[in-house]
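# Architecture and fold: a report
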Amino acid sequence: MTGNIKINPPPPRPMMTPEKSLKYRVKHTILIMSGKGGVGKSTVAANLAVALAGKNLNVGLLDADINGPDDPKMLGIENEKVYGDEKGIIPAKTKYNVDVISMGLIIPRETAVIWRGSLRHKAIQQFLEDVIWDGKDILVVDLPPGTGDEPLSICQLIPNADGIVIVITPQDVALNDAVKAIDFASKVKIPVIGLIENMSGFICPHCGKETDIFKSGGGKKLAEQYNINFLGKIPIIPEIVEDSDKGIPAAAENEFARKFFDDVAENIIKNLKN
Ligand SMILES: Nc1ncnc2c1ncn2[C@@H]1O[C@H](COP(=O)(O)OP(=O)(O)OP(=O)(O)O)[C@@H](O)[C@H]1O
């Protein structure tokens, strides 16, 4: 014994093999992004997943926003745990026909901060390979907020995504952020499927009148200006806040909210790759 212990470095991970690539395991992938935090991106992602499942699609929801996890909670999954077998990680089943998992369960926030650069990238790659989504018609990915390194890493690791759905609120500052998101999409070479304006005005559910709480409609103009699809708007619906805390998605349980998410879901389906 010399006292010198030789530790071999772990072998480099091979590139994602075709069978393991999401491209081969889900028919469609859409990436939900926002120019900045707090615009309701996770709320829209979770409810959109429910609305898509309501259209007879087999839907997966990946909460890739490691600041959360929010999406599983919004679909009634409390205390999300990781389950898996020798084949990989199994997403949680919800009663809304959407399977959901949070990346933050496997790659905790602290780890992500320490693991900047290639190691973090590899951790995300490994996670994407390991989750069993096979058979899904569509995977909805709730990206981390903003247009920085975190969404960038994830977008680079999801080849052949159908495109990016940008969620904004109608204030001027949010519109500027939408422009950043459009630039981001061209940088990662992923098409923009379109724009959703969330918290867009307040429509009285009883009389149908729109109250101008803060001016809505800017998203539509911006979409025209940049020649991208306007996928629809979701008004401020006070029940969304309370219900999502209780794990009840408005798109499933709130008649008034459902039609807005349904319209957006239909517009997205029309714009998926063949
Ligand atoms: N259309 C809406 N009407 C009313 N409240 C909404 C609506 N959309 C989202 N909210 C509420 O706004 C808050 C922020 O939503 P959410 O957490 O989805 O935002 P986010 O953009 O994902 O945030 P972050 O970027 O910080 O992760 C939540 O309390 C949510 O219930």
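Residues numbered from 1 in each chain as written. Predicted model: local features only at pLDDT ≥ 70, side-chain atom pairs only at ≥ 80, totals over all residues. Heavy atoms only, no water.

As recorded in an unreviewed UniProt entry, the protein goes by Iron-sulfur cluster carrier protein and comes from Picrophilus torridus. Under the UniProt heading Sequence similarities (unreviewed entry), the note attached to the protein is "Belongs to the Mrp/NBP35 ATP-binding proteins family." The UniProt entry for the protein carries the following comment under Function (unreviewed entry): "Binds and transfers iron-sulfur (Fe-S) clusters to target apoproteins. Can hydrolyze ATP." (UniProt positions renumbered as here; feature names shortened; annotations may be inferred.)

### A closer look at the site of the ligand
With respect to spatial proximity, 18 residues lie near the ligand, and among them G40, K41, S42, T43 and I237 are the closest. S42 is positioned with one of its backbone polar atoms (N or O) 2.8 Å from an oxygen atom of the ligand. Burial of the ligand by the surrounding chains reaches 78%, relative to a free accessible area of 630 Å². Assessed atom by atom at 2 Å from the grid points, the ligand resides in the largest pocket. Broken down by secondary-structure element, the contributors of at least two residues to the shell around the ligand are α2 (41-53) and α9 (238-245). Of the residues assigned to the shell around the ligand, the class counts are nine nonpolar, seven polar and two charged. (Near = heavy atom within 4 Å. Polar contact = N/O pair within 3.5 Å; in protein donor to acceptor, adjacent residues only side chain to side chain. Areas by Shrake-Rupley, 256 points an atom, 1.4 Å probe, with all protein chains shown as cover. 1 Å grid on protein atoms, 1.4 Å probe; cavity = no way out; pocket = protein on both sides within 12 Å on 5 of 7 lines; lining within 4 Å. Sits in = over half its atoms within 2 Å of the grid points. Helix = DSSP H or I, 4+ residues; strand = E, 2+ residues; numbered from the N terminus. Nonpolar A, V, L, I, M, F, W, Y, C, P; charged D, E, K, R; others polar.)

### Observations regarding empty space enclosed by the protein
If a probe as big as a water molecule is rolled over the atoms, it shows which places are left empty. Per the counting criterion, the structure on display carries one cavity of 30 Å³ or more. Roughly 50 Å³ of internal volume is contained in the largest cavity. Contributing to the lining of the largest cavity are ten residues, with I66, M103, R120, I124 and E150 lying nearest its centre. Counting only elements with at least two residues in the lining of the largest cavity, the list comes to α5 (118-130) and α6 (149-156). Residue composition of the lining of the largest cavity, grouped by class: eight nonpolar, no polar and two charged. (Points joined across faces, edges and corners; volume = space filled by probe spheres on them.)

### Focus: the UniProt feature "binding site: ATP" (unreviewed entry) in the protein
Taking the numbering used here, the UniProt-annotated feature "binding site: ATP" (unreviewed entry) corresponds to G35, K36, G37, G38, V39, G40, K41 and S42. Checking the named residues against the largest pocket, the ones that line it are G40. Along the chain, G37 turns up in the loop between β1 (26-34) and α2. Since its relative accessible area comes to 41%, G37 is described here as partly exposed. With respect to the helices and strands, S42 occurs in helix α2. In this structure S42 comes out as buried when scored by relative accessible area, which is 8%. Residues in contact with S42, not counting those within four places in the same chain, are D65, D70, D71, M74 and D142. (Buried < 20%, exposed > 50% of the residue type's maximum accessible area, 1.4 Å probe, protein only. Contact = heavy atoms within 4.5 Å.)

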